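Residues per chain, in single letters:
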Amino acid sequence: MPLPIFGKSHKSPADIVKNLKDALIQIEKGDKKADKAAEEVGKWLQAVKGIIYGQEGQEPHSEQVAQLAQETYSANVLPMLIKNLSKFDFESKKDVALIFNNLLRRQIGTRSPTVEYLCARPEMLQQLVKGYECADIAVTCGSMLRECIRHDHLAKLVLHHESFYQFFEYVEMSSFDVASDAFSTFKDLITKHKTMAAEFLDANYDVFFTHYQKLLNSENYVTRRQSLKLLGELLLDRHNFNVMTRYISNPDNLKLMMNLLKERSKSIQFEAFHVFKVFVANPNKPRPIADILLRNRERLVEFLTEDEQFNDEKAYLVKQIQEMKV
Amino acid sequence: MADQHETWPCDKKDYVLDDQIGVGATATVFRATCIPRNERCAVKCINLEKCQTSVDELSHEIHAMSLCAHPNVVNYHTSFVVDEELWVIMRLLSCGSMLDILKRKIKAIGKEDAAFGVLDETTIATVLKEVLKGLEYFHSNGQIHRDIKAGNILLADDGTVQIADFGVSGRIAASGGDLSRQKVRHTFVGTPCWMAPEVMEQVSGYDFKADIWSLGILAIELATGTAPYHKYPPMKVLMLTLQNDPPNLETNADKKDQYKAYGKSFRTLIKDCLQKDPAKRPTATELLKYKFFSKAKDKKYLVHSLIENLGAIPVSSHAQNPHKKKVASGKLKKGPDGNWEFEYDSPENTDSSDEDEEVRKPAAAAGAAAVGGAEPAGDGVQMGDTINLVLRVRNQQRELNDIKFDFTRGTDSVEGIAHELVTAELIDCHDLVIVAANLQKLIEHADEKDRRSVTFALNSGVATNEIPDERTLTGFAQISIID
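Residues numbered from 1 in each chain as written. Chains lettered and ligands numbered in written order. Predicted model: local features only at pLDDT ≥ 70, side-chain atom pairs only at ≥ 80, totals over all residues. Heavy atoms only, no water.

Draft legend 1. Geometry of the overall build of chain B. Scanning chain B for helices and strands turns up 13 helices and 15 strands. Split into buried and exposed, the 483 residues of chain B put 56% on the buried side. A separation of at least 24 residues holds for 63% of the contacts in chain B among residues at least 6 apart in sequence. When the accessible surface of chain B is totalled, it reaches about 20,700 Å², and 51% of it is carbon and sulfur. (Helix = DSSP H or I, 4+ residues; strand = E, 2+ residues; numbered from the N terminus. Buried < 20%, exposed > 50% of the residue type's maximum accessible area, 1.4 Å probe, protein only. Contact = heavy atoms within 4.5 Å. Areas by Shrake-Rupley, 256 points an atom, 1.4 Å probe, with all protein chains shown as cover.)

Draft legend 2. Molecular detail of the pairing of strand β15 (residues 476–482) of chain B. All names here are of chain B. Of all seven residues in β15, five are buried, a share of seventy percent or more. Where strand β12 (residues 386–394) meets β15, five bridges bridge the pair, whose relative direction is antiparallel. Bridge pairing in β15 links Leu 389 to Ile 481. One ladder, built from five bridges, connects strand β14 (residues 453–457) with β15; its direction is antiparallel. For Ala 457, the partnering residue across the bridge sits in β15 and is Phe 476. (Pairing = 2+ DSSP bridges.)

Draft legend 3. Representation of the nonpolar core in the model. Phe 164, Phe 186, Phe 208 and Phe 276 of chain A are the most contacted members of the largest nonpolar core, which has 163 residues in total. Here the element with the most residues in this core is helix α2 (residues 34–53) of chain A; it accounts for ten residues. The residues touching Phe 208 of chain A, leaving out its near neighbours within four places in the chain, are Phe 164, Tyr 165, Phe 168, Phe 186, Ile 190, Phe 200 and Leu 201 of chain A. Judged by nonpolar contacts, the second largest core, of 61 residues, contains Met 98, Leu 99, Leu 132 and Val 161 of chain B. (Core = buried A, V, L, I, M, F, W, Y, C linked by side-chain atoms within 4.5 Å.)

Draft legend 4. Quick peek at unusual backbone geometry. Here the phi dihedral of Asn 38 of chain B falls at roughly 50 degrees; this positive angle occurs in a residue that is not glycine. A residue is classified by how much of its surface remains accessible, and Asn 38 of chain B, at 67% relative accessible area, is exposed.

Draft legend 5. Molecular detail of the pairing of strand β5 (residues 85–90) of chain B. All names here are of chain B. The buried fraction of β5 is high, at five of six residues. Summarising the sheet, strand β3 (residues 39–47) and β5 pair through six bridges and their orientation is antiparallel. Within β5, the position partnered with Ile 46 by the bridge is Leu 86. Pairing of strand β4 (residues 76–82) with β5, which is carried by six bridges, proceeds in the antiparallel orientation. Pairing of Tyr 76 across the sheet is with Met 90, part of β5.

Draft legend 6. Just the domain arrangement of chain A, in detail. Partitioning chain A into structural domains gives domain 1 (10–51 + 65–104), domain 2 (120–191) and domain 3 (193–325). Put simply, the middle of domain 1 of chain A and the middle of domain 3 of chain A, counted by C-alpha atoms, are 48 Å apart. (Domains from an automatic or database assignment.)

Draft legend 7. Structural detail: the side chain of Ser 227 of chain A. All names here are of chain A. Its place among the elements puts Ser 227 in helix α14 (residues 221–235). Classification of Ser 227 by relative accessible area gives buried; the value is 0%. Among the polar contacts listed, one links the side chain of Ser 227 to the backbone oxygen of Leu 215, at a separation of 3.5 Å. Setting aside chain neighbours within four positions, we find Ser 227 in contact with Phe 183, Tyr 212, Leu 215 and Leu 216. (Polar contact = N/O pair within 3.5 Å; in protein donor to acceptor, adjacent residues only side chain to side chain.)

Draft legend 8. Representation of the confidence of the model for chain A. All names here are of chain A. Residues of chain A with pLDDT of at least 70 account for 94%, and the chain-wide mean is 90. When pLDDT is averaged over each element of chain A, helix α10 (residues 167–170) comes out on top at 98 and helix α20 (residues 311–322) at the bottom at 74. Between residues 1–8, whose pLDDT stays under 50, and residues either more than four places distant or in other chains, the model counts one contact. (pLDDT = per-residue confidence, 0-100.)

Draft legend 9. Broad picture of the pattern of salt bridges. All names here are of chain B. Summed over the entire model, instances satisfying the criterion amount to 33 salt bridges over all chains. In this structure, Asp 14 and Lys 13 form a salt bridge, with 3.9 Å as the shortest nitrogen-oxygen distance. The partner of Asp 402 in a salt bridge is Arg 392, and the shortest N-O contact between them spans 2.7 Å. Taken as a pair, Asp 402 in strand β13 (residues 400–408) and Arg 392 in strand β12 lie far apart in primary sequence, ten residues in all. (Salt bridge = Lys/Arg side-chain N within 4 Å of Asp/Glu carboxyl O.)

Draft legend 10. Spatial organisation of the environment of Lys 105 of chain B. Residue and element names in this part refer to chain B. As for its placement among the helices and strands, Lys 105 is situated in helix α2 (residues 98–109). Residue classification places Lys 105 among the buried residues on the basis of a relative accessible area of 17%. In sequence terms Lys 105 and Val 237 are 132 residues apart; their C-alpha atoms lie 26 Å from each other. Setting aside residues no more than four positions away along its own chain, Lys 105 makes contact with Val 118, Leu 119 and Leu 310.

Draft legend 11. The interface of chain B and chain A, seen in detail. Tallying the contact residues gives 56 residues for chain B and 47 residues for chain A. Across the interface of chain B and chain A, roughly 4,600 Å² is buried in total on both sides, 58% from carbon and sulfur atoms. For the interface between chain B and chain A, the tally reads two salt bridges. Here chain B is connected to chain A by twelve residue pairs in polar contact (both at pLDDT 80 or more). Among the elements that line the side of chain B that touches chain A, the one with the most residues is helix α13 (residues 432–444) of chain B, at nine residues. (Buried area = accessible area lost by both parts, 1.4 Å probe.)

Draft legend 12. The packing of helix α16 (residues 251–261) of chain A against helix α17 (residues 266–281) of chain A, seen in detail. All names here are of chain A. Where α16 meets α17, the closest approach of the two axes is 8 Å, and the angle between their N-to-C directions is 145 degrees. α16 and α17 meet at a crossing whose hand is left-handed. Between α16 and α17, the residues in contact are Asn 253, Leu 254, Met 257, Met 258, Leu 260 and Leu 261 and Ile 268, Gln 269, Ala 272, Phe 273, Val 275, Phe 276 and Phe 279, respectively. (Axes fitted to C-alpha atoms, helices over the stretch in contact; angles between N-to-C directions. Left-handed = near helix turned anticlockwise from the far one by under 90°.)

Draft legend 13. Representation of the sheet that holds β15 of chain B. All names here are of chain B. One open sheet accounts for four strands, arranged β13-β12-β15-β14; its pairing is antiparallel. Each edge of the sheet is formed by a strand with only one pairing partner; in this case those strands are β13 and β14. Across the sheet, the mean angle separating the axes of adjacent strands is 20 degrees when strand polarity is ignored. In this sheet, β13 lies alongside β12 in antiparallel orientation, the contact comprising nine bridges. By the bridge assignment for β13, Arg 392 is matched with Asp 402. In the packing of helix α12 (residues 414–423) onto the sheet, contacts are made with β12 and β13, and the angle to β13 comes to roughly 150 degrees. The sheet strands contacting α13 are β12, β13, β14 and β15, and the helix crosses β14 at an angle near 160 degrees.

Draft legend 14. Highlighting the confidence of the model for chain B. Residues and elements named next belong to chain B. Taken over all residues, the pLDDT of chain B has a mean of 77, while the share at 70 or more is 76%. When mean pLDDT is taken per element in chain B, helix α8 (residues 264–273) scores highest with 97 and helix α11 (residues 355–369) scores lowest with 30. Across residues 1–5, where pLDDT falls below 50, the model places 17 contacts with residues more than four positions away in sequence or in other chains. Ignoring residues within four places in sequence, the model shows residues 316–382, a span with pLDDT below 50, making 153 contacts including any to other chains.

Dropping the structure here:
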């Protein structure tokens, strides 16, 4: 029998996980009073955190952490934590993300046991994506999702699931914190693992850019500005060479950029310029692209020379446009 | 994410803005009413077009706020985009900041009396205790505030004290909130007078303890009415903070015994907070156990001492003198050239350094240098001439490389060569046009003996730990003609 002086802090990892699971079962059933059950979950999450991060200035015990992780997998508490997230109180939600993200980073040699665990349970990733639809858990799910995406296997599962296209809705949510969180997850998905993302964009070029076009034309200023900036980054990344070539061969895309160059917002103009220059600098401009540039030669040169921004690059573009042969 | 979050609407039409309570260069704060809730709130309207802060940085700030639910940290309700503005809905703290309170108090008791101390120990202890509770929460979240000062401590009409302005607050664990991984930060932000020496030095990085230093300065500010080095320009503040012994109550005193009303326990608190070695400073939790805080009273006391007693004195509105505070809150950052730069904002302004801007600056500088660049080519070089060139640039491993190539007029094109360089991964895609532009410039002037080389800033910028430097070609590249 443990001495009372040590209290619950000396409960073994197995006991803590078992108690946490019991509390989760309670909250799932919903027969106990909701706030009482949430309080219980919060208490055991604190205990889990204590093991992972160490208590009262003490370093965590690696054996205990290993044992805790093992118990967490075998008792399957991670799916329950995510499933019931919205029932927890404010601090508990943050604790779940903290614990989840820490377990995800844990490595044994070259193995990442939590990544393997999640690979076998892709529905958990879908649950996290779905989290964006619920304002009170959106950013918590977002932080867990981004931690998952750091691992290419998990990123691939999210990217190649049909729910990926939901992100085009999420990044336009009316609440800025949810929308901007979704946007950074979306950006990670298509930029973090370069080769995989490039393959995805190449293979799904039409669907992806049909959706993307809506972001560039969004009513929401931030969506327009952020998606334009990301487009510039995507096109200028050499992994996306094929995507870039396709993008800058389509006259509709050039027209859109020329329209965005005319927006009164300087920031939008700035981002649009960095996409526009890729069209002009293309040594093998397709006929329709060249035609548009030629037709608008005077106006473009006038427009580009009246602004003080990006003089050096502009002078070059102006020259390119002026020297184009009909 | 806070409990009330879902019930605060994200639509402009649900809010009625009343009077302005703060104006900055890029943001205005309004007293407002949320119609569906029939509740007062503060609306901070940030102009995203004028704001130098990138959208990414703003969303970090909002994210930091949304992770806080504590009575002593300003309550964030929601935020949404309205045209080119970001509207941030927060709790209304109608009595202004402690800086406003200090000014009103000085007005109320007169300058002569204020010279012997502005606020009494009981009031200071009560305010600081609340600030410390907020900081303790902040730090347990893995966050550092980085800009603790009277101007950022707000007071509600019920006497609630809250820490505001997350403009420069950074999460120590920026990636996903891992408290164990990255324990120090290396960015230079804050306001010089309140800034800890290790933040200024930027050598070893800093942690939670930087806020404890600022709290020590705040303690002096609440007693004397100003931060110790407030009358000096920012660069001098840096020198004084780094070279002198830590400041104390008497640092700014004209007469001996000027601040004798303040006792030993208060002085101990200040001395312990203002230790140059951050490791020696107590944590927020430890400070709360200090003897000085046995003097602390409750909210009601603050309502009496800071609100009712000063009721007749008008709140000094930021709107009336937006320029007055500029020097006091000038923010300092290290510029792309390695020199110190100053930004002067009013306290409402949440601007902090903007990474985009820093990247753009060298490009703009190169742009200015290239004004003569588009002139027609001299006729000394004939078609068919082959020019030998070398591009000196750092590779991805940051080693300096010489890339030799030739250019034949009439055969080669500038953009063709630039494309080749990109395809061969010798230069970054972002630098394609800037390299082409400078190559063009050089070729046009190939016949002029004094224009055989051109150095220019790269769009791809520098690695996070580097400072752009033209001389070492960090963030720059050079193309030269070789014979």
